[in-house]
Amino acid sequence: MCSSDLQQNSTSGGGDGAVLLAGGITLALGPAAPWIVDQFADGQRIWRIGTIKLDGVSGSWLGNLRASHVSIADEDGVWLDASNVALDWRPQSLFGGGVWLDNARAREIHLLRQPRLSPATPSAGGSFDLRIDALAIDSLDLDESVVGAAARFRATLQMDLRDDALRTLDLSLKRIDSDADNAVILYRAQDDYKLLVNLAGAPGGVISRLLGVPQQNVLIQAVGDGDLATGAARYDGHIGEAELLHGQTRWRGADWSSDGAARLDLLPGLRPIAERVGPTASLEASGVRAGAFTAHAQTPFL
């Protein structure tokens, strides 16, 4: 065989290899994606909250997947059960050190109890970006064992977390089996700064139970607007008739200032701190953006 024949065969072999590789990648990203996800994602551990089980995985390619049933179990068994989960995302975002979800939806997520976290492991370091353009849960059901009262919510979420900085958060959590709990949080940290918080909980509801005051009304609000050059935000909160906190933050150019006060003795989780420093705390701070600042905190015992 002459050298030209060898060169031709070698070139042909390399082309065939490239075609096979491209075909394999296309198959993995396309028709075979559901099978791959079912084989390799099923049974994998998720952070410290347990292992995931997937059933009925389908979809046209890796970035468009459906699962008829998803569950997460810790060492005590299943604590999260979900049905009809759809995920449209960008697999290539993993190579950039993050996850980008274009659209995610679940018809139902059922929380049976709070998870038992596995022991923490040392962090590998580095930042992890997470962008969720649209996430919707038609029915988020909480068993009584989760917080002490059964509840059903409808939830939507949009979030942009990049370079360890929260750029956007838009959360709506609406109680659909009663009027006991509702939560709206809107935060936008770009040129068009926006802050809107409204957490309202009735006695016996989920929010009041989470804060450890099940017999009280809870109302926490915040509002702010502006841009990177000038703006302001203020917040306040009440537990029953008592004021839990109030404060404000302002910025103009490179300068900023903030002041606020809180009742530490109103929340059971903060009472050990209140016993050491006193039932109230106030803070005044001011400084230069990304520069030096001064702060003064005051409590009855310090």
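Residues numbered from 1 in each chain as written. Predicted model: local features only at pLDDT ≥ 70, side-chain atom pairs only at ≥ 80, totals over all residues. Heavy atoms only, no water.

## Things to note about the overall build of the protein chain
In step 1: The helix and strand inventory of the protein chain stands at 5 helices and 16 strands.
In step 2: Per-residue burial over the protein chain gives 30% buried out of 302 residues.
In step 3: Excluding contacts between residues fewer than 6 apart, the proportion of contacts in the protein chain whose partners are at least 24 apart in sequence is 39%.
In step 4: Total accessible area computed for the protein chain in this model is approximately 17,900 Å², and 58% of it derives from carbon and sulfur atoms. (Helix = DSSP H or I, 4+ residues; strand = E, 2+ residues; numbered from the N terminus. Buried < 20%, exposed > 50% of the residue type's maximum accessible area, 1.4 Å probe, protein only. Contact = heavy atoms within 4.5 Å. Areas by Shrake-Rupley, 256 points an atom, 1.4 Å probe, with all protein chains shown as cover.)

## Concerning a nonpolar patch on the surface
In step 1: A cluster of nonpolar side chains, namely V184, L196 and V223, defines an oily patch on the protein surface of about 190 Å² accessible area.
In step 2: With respect to the helices, strands and loops of the structure, L196 is situated in strand β10 (residues 193–201). (Patch = residues over 30% accessible without salt bridge, like charges linked within 9 Å, V, L, I, M, F, W, Y side chains within 5 Å. Salt bridge = Lys/Arg side-chain N within 4 Å of Asp/Glu carboxyl O.)

## Some thoughts on the side chain of D74
In step 1: Take D74: it is sitting in strand β3 (residues 64–74).
In step 2: A distance of 2.6 Å separates polar atoms of two side chains, one belonging to D74 and the other to R113.
In step 3: Apart from residues no more than four positions distant in its own chain, D74 is found in contact with I49, G50, W79, R113, P115 and R116. (Polar contact = N/O pair within 3.5 Å; in protein donor to acceptor, adjacent residues only side chain to side chain.)

## Remarks on the packing of aromatic side chains
In step 1: In the structure shown here, the tally under the stated rule is 3 aromatic pairs.
In step 2: Both rings, one in Y187 and one in Y193, keep their centres 6.2 Å apart while their planes meet at 85°; by these two values the pair is edge-to-face.
In step 3: Taken together, the ring pairs connect Y187, Y193 and W251 into an aromatic cluster.
In step 4: Between R175 and the ring centre of F153, over which it is positioned, the NZ or CZ distance is 5.8 Å. (Phe/Tyr/Trp six-rings, centres within 6.5 Å; stacked < 30°, edge-to-face > 60°. Lys NZ or Arg CZ within 6 Å of the ring centre and 35° of its normal.)

## Description of the side chain of S118
In step 1: Structurally, S118 can be placed in the loop between β5 (98–111) and β6 (129–142).
In step 2: With residues up to four places along the chain from it excluded, the contact list for S118 reads R45, W47 and R48.

## A word on the nonpolar core
In step 1: Among the nonpolar cores identified, the biggest contains 22 residues, and L80, I109, L111, L140 and L142 are the most heavily contacted of them.
In step 2: When contributions to this core are tallied by element, the ones reaching two or more residues are β2 (50–61), β3, β4 (77–89), β5, β6, α3 (144–147) and β7 (151–162).
In step 3: Discounting chain neighbours no more than four positions away, the residues touching L142 are L111, A149, A150, A151, F153 and V206. (Core = buried A, V, L, I, M, F, W, Y, C linked by side-chain atoms within 4.5 Å.)

## Here we look at unusual backbone geometry
In step 1: Residue D164 is not a glycine yet carries a positive backbone phi of 65°.
In step 2: Among the structural elements, D164 can be located in the loop between β7 and β8 (165–175).
In step 3: The backbone of A290 shows a phi angle near 60°, a positive value even though the residue is not glycine.
In step 4: Along the chain, A290 falls in the loop between β15 (280–288) and β16 (293–298).
In step 5: A290 gets classed as exposed once you look at its relative accessible area, which sits at 90%.

## Side note on the pairing of β16
Each regular strand shows side chains that alternate between the opposite faces of the sheet.
In step 1: Where burial is concerned, little of β16 is hidden: 0 out of the 6 residues are buried.
In step 2: Two strands pair when backbone bridges link them, and β15 and β16 are joined in this way by 6 bridges, in the antiparallel orientation. Of the residues in β16, the one forming a bridge with S282 is Q298.
In step 3: As consecutive antiparallel partners, β15 and β16 are separated by 4 residues, and within that stretch A290 has a phi angle of approximately 60°, a positive value. (Pairing = 2+ DSSP bridges.)

## A few points about the pattern of salt bridges
In step 1: Under the definition given, this model contains 16 salt bridges.
In step 2: Across the salt bridge formed by D74 and R113, the nearest N and O atoms sit 2.6 Å from each other. With D74 in strand β3 and R113 in the loop between β5 and β6, the pair connects residues that are 39 residues apart, well separated along the chain.
In step 3: Judged by relative accessible area, D74 falls into the buried class, the value being 11%.
In step 4: In this structure, D265 engages R263 in a salt bridge whose closest nitrogen and oxygen atoms are separated by 2.8 Å.
In step 5: If you follow the salt bridges from partner to partner, you end up with E75, D76 and R116 in one network.

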